[in-house]
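# An overview of the molecular structure
What follows is the residue order along each chain.
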Amino acid sequence: MTGATGNVGGNVVRRLVGAGANVRALTRDPRGAGLPEGVHVVAGDLTRPSSLAEALEGVDRVFLFPVAETAREVVALARSPARRLVRGRAYGRGHGRTG
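Keep in mind the model is a prediction, meaning the values are calculated, not measured. (Residues numbered from 1 in each chain as written. Predicted model: local features only at pLDDT ≥ 70, side-chain atom pairs only at ≥ 80, totals over all residues. Heavy atoms only, no water.)

Moving on to the overall build of the protein chain. Scanning the protein chain for helices and strands turns up 3 helices and 4 strands. Its helices and strands in sequence order give the protein chain the pattern α-β-β-α-β-α-β, from N to C terminus. Residue pairs at least 24 apart in sequence account for 28% of intrachain contacts in the protein chain once pairs closer than 6 positions are excluded. (Helix = DSSP H or I, 4+ residues; strand = E, 2+ residues; numbered from the N terminus. Contact = heavy atoms within 4.5 Å.)

Right under this line is the structure:
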């Protein structure tokens with residue numbers, strides 16, 4: 001799960017946890033993530049695709065909010081282990097199309 005500490009991602013995480021799903025969340029700062037108990041928080045940065053190996057290891061589903069500059073590379077990395085990939089998109093002031 002990327003974007004887990006944001007508005008949309010945070011809601012997705014809470015719903016998944018509430019439904020009993022195992023959730024792994026990617027964040028730049030795992031100690032400051034403030035995610036629900038039971039979420040496996042791992043360090044990584046979407047602007048550095050090489051940092052995503054631990055986050056993607058063994059996953060079969062990915063909820064991804066890619067960043068424009070690395071979107072293609074990150075999507076390719078995520079598709080490798082995942083059976084299902086859901087890409088979120090952010091629109092608004094200061095945001096372009098992300099995926």
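Let's pick the thread back up.
The residue methionine 1 is located in the segment before helix H1 (7-18) in this model. Put simply, methionine 1 and leucine 26 are 25 residues apart on the chain and 6.0 Å apart in space, counted from C-alpha to C-alpha. When sequence neighbours within four positions are dropped, the list of residues in contact with methionine 1 reads Gly9, Val12, Val13, Val23, Arg24, Ala25, Leu26 and Phe63.

As a further point, take the pattern of salt bridges. Taken as a whole, this structure holds 2 salt bridges when the rule is applied. For the salt bridge of arginine 28 with aspartate 45, the shortest nitrogen-to-oxygen distance reads 3.3 Å. Note that arginine 28 is positioned in the loop between strand S1 (24-27) and strand S2 (40-43) and aspartate 45 in the loop between S2 and helix H2 (53-56), a separation of 17 residues in sequence. The exposure class assigned to arginine 28 is exposed, which follows from its relative accessible area of 61%. Two residues, arginine 61 and aspartate 60, come together in a salt bridge whose shortest N-O distance is 3.5 Å. (Salt bridge = Lys/Arg side-chain N within 4 Å of Asp/Glu carboxyl O. Buried < 20%, exposed > 50% of the residue type's maximum accessible area, 1.4 Å probe, protein only.)

Following the sequence through the fold, threonine 2 ends up in the segment before H1. Threonine 2 sits in the buried class, given a relative accessible area of 7%. With residues near it in sequence (within four places) discarded, threonine 2 still touches Leu26, Leu46, Phe63, Leu64 and Phe65.

The biggest cluster of nonpolar side chains holds 13 residues, and the ones touching the most others in it are Leu26, Leu46, Leu52, Leu56, Val62, Leu64 and Val74. Taken together, the elements giving at least two residues each to this core come down to H2, strand S3 (61-64) and helix H3 (71-79). Every residue in contact with leucine 26, bar those within four places of it in the chain, is listed here: Met1, Thr2, Val42, Ala43, Gly44, Asp45, Leu46, Leu52 and Ala55. The next biggest cluster of nonpolar side chains, apart from the first, holds 6 residues, and it includes Met1, Ala4, Val23 and Val39. (Core = buried A, V, L, I, M, F, W, Y, C linked by side-chain atoms within 4.5 Å.)

Taken over all residues, the pLDDT of the protein chain has a mean of 84, while the share at 70 or more is 89%. Confidence scores differ between elements of the protein chain, with strand S4 (residues 84-87) showing the lowest mean pLDDT of 78 and S2 the highest of 94. (pLDDT = per-residue confidence, 0-100.)

Our next topic: the pairing of S3. The two faces of S3 differ: Val62 and Leu64 on one face are buried, but Arg61 and Phe63 on the other face are not. Bridge analysis of S3 against S4 gives 4 bridges, and the strand direction is parallel. When the sheet's bridge partners are listed, leucine 64 is paired in S4 with arginine 87. For the crossover from S3 across H3 to S4, the handedness is right-handed. (Pairing = 2+ DSSP bridges. Right-handed = clockwise from strand over helix to strand, strands pointing away.)

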